Amino acid sequence: MIGYVLLITVVVIMGAIVYAWLKTYVPKDLSECPDGTSISLKDIQYDCANTLSLTLKNNGRFNISGYFIYATNNSLDELATIDLSPYNPNGENGVIIFQGPFGVAPKEPGREWIDTFNLSITPSFPGQIYSIEIMAMRYQSEDNKKRFVSCSKSKIKQEVSCS
Amino acid sequence: MKKNKKRGISPVIATVLLVAMVVVIGLIIFLWFRGFVEEEGMKFGKNIRLVCEDVDFDASYSQGNLKIVNNGNVPIFRMKIKIFSEAGYETKDIKDFSDWPARGLNSGGSFSGNIGGYLSGKEKIILIPVLIGTSGKGEKVFKCEEQYGYEIDI
């Protein structure tokens with residue numbers, strides 16, 4: 001009798017341990033932007049010196065909380081890697097996060113706004129901007145936590161000319 | 001004729017001993033086997049090997065400049081560079097010949113570095129992401145499979 005009790009207990013415990021371990025091998029989706037998240041560039045004003053002004057629009061179906069912005073300074077670069085975020089008061093580490101009086105203030109669908117970049121801030125932008133790349137980001141709730149999510153499908157690239 | 005007076009252990013004790021031995025041997029085998037698996041570590045609540053599928057980055061190489069942009073939501077801790085030449089190939093860590101960020105490329109992050117001096121005369125490179133996860137022993141670095149790499153002809 002004792003033998004059966006012990007055996008079944010051990011089998012149950014080992015089953016629970018193996019289950020918990022194997023559960024880590026079950027693929028589960030990483031949080032990502034919903035399809036339909038989009039940002040568009042309506043206008044660019046660039047004086048080819050110190051000021052870049054962008055008119056942006058949330059033309060998607062979901063709020064966005066900010067965007068990544070990088071630039072190139074010559075036509076040979078396929079990828080934009082020069083960070084433009086330090087030149088905007090709301091920017092840091094490559095990303096511009098929309099700020100309101102109570103913290104992050106997402107832009108709702110259809111909203112249009114203008115962001116200005118002062119390129120003379122030290123260290124000033126190396127050379128002249130050739131193109132810019134913009135990618136939207138969102139904060140998404142997951143398990144009662146807010147997660148920072150980049151929206152790779154919303155990435156746009158635009159060449160910049162002096163105006 | 002002599003009578004054998006030796007007596008065996010009771011069936012209860014024999015059963016208990018048998019069960020105890022099976023349990024101990026089972027535990028030893030389980031812990032030994034788990035040691036192999038724990039080497040890989042965990043990230044975002046799942047085995048880090050599975051997280052490699054979610055890595056999403058772009059890369060380009062021109063005039064000695066290697067540029068990498070992390071488009072996805074998985075931070076790239078390091079990058080292994082498999083460098084192919086006529087003689088074969090060698091694998092190096094990007095940190096060995098560039099100022100790769102200490103904590104890697106976060107979501108949306110970018111990297112640009114001149115590694116032309118190391119790649120002259122080479123044929124192609126494959127950039128293989130390296131992730132950092134957690135295990136029972138703390139942080140654990142995991143190199144993704146080559147299939148998740150990014151191939152660039154030089």
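Preceding this section is the structure that the text describes.
Residues numbered from 1 in each chain as written. Chains lettered and ligands numbered in written order. Predicted model: local features only at pLDDT ≥ 70, side-chain atom pairs only at ≥ 80, totals over all residues. Heavy atoms only, no water.

## Observations concerning the overall build of chain B
Working step 1: For chain B, the count of helices and strands is three helices and ten strands.
Working step 2: Along chain B, helices (α) and strands (β) appear in the sequence α-β-β-α-β-β-β-β-β-α-β-β-β when read from the amino end.
Working step 3: Here the C-alpha atoms of chain B give a radius of gyration of 26 Å, more than 25% beyond the 15 Å that 2.2 N^0.38 yields for 154 residues.
Working step 4: Taking the principal axes of the C-alpha coordinates as reference, chain B spans close to 100 × 35 × 20 Å. (Helix = DSSP H or I, 4+ residues; strand = E, 2+ residues; numbered from the N terminus. Rg over C-alpha atoms; globule rule 2.2 N^0.38 Å.)

## Remarks on the environment of A:Asp77
Working step 1: Inspection of the secondary structure puts A:Asp77 in the loop between strand E3 (66-72) and strand E4 (82-83).
Working step 2: Residue class for A:Asp77 comes out buried when judged on its relative accessible area of 11%.
Working step 3: A sequence separation of 30 residues divides A:Asp77 from A:Asp47, and the C-alpha atoms of the two residues are 21 Å apart.
Working step 4: Apart from residues no more than four positions distant in its own chain, A:Asp77 is found in contact with A:Thr72, A:Lys157, B:Ser62 and B:Lys67. (Buried < 20%, exposed > 50% of the residue type's maximum accessible area, 1.4 Å probe, protein only. Contact = heavy atoms within 4.5 Å.)

## Structural notes on the sheet that holds strand E3 (residues 57-62) of chain B
All names here are of chain B.
Working step 1: Spatial ordering of the open sheet is given by E3-E4-E7, a layout of three strands whose pairing is antiparallel. Bordering the open sheet on either side are E3 and strand E7 (110-114), each of which pairs with just one other strand. Neighbour to neighbour, the strand axes of the sheet diverge by 10° on average, direction disregarded.
Working step 2: Here E3 runs beside strand E4 (residues 65-70); their pairing, made up of six bridges, is antiparallel. Bridged to Ser62 within E4 is Asn65. (Pairing = 2+ DSSP bridges. Axes fitted to C-alpha atoms, helices over the stretch in contact; angles between N-to-C directions.)

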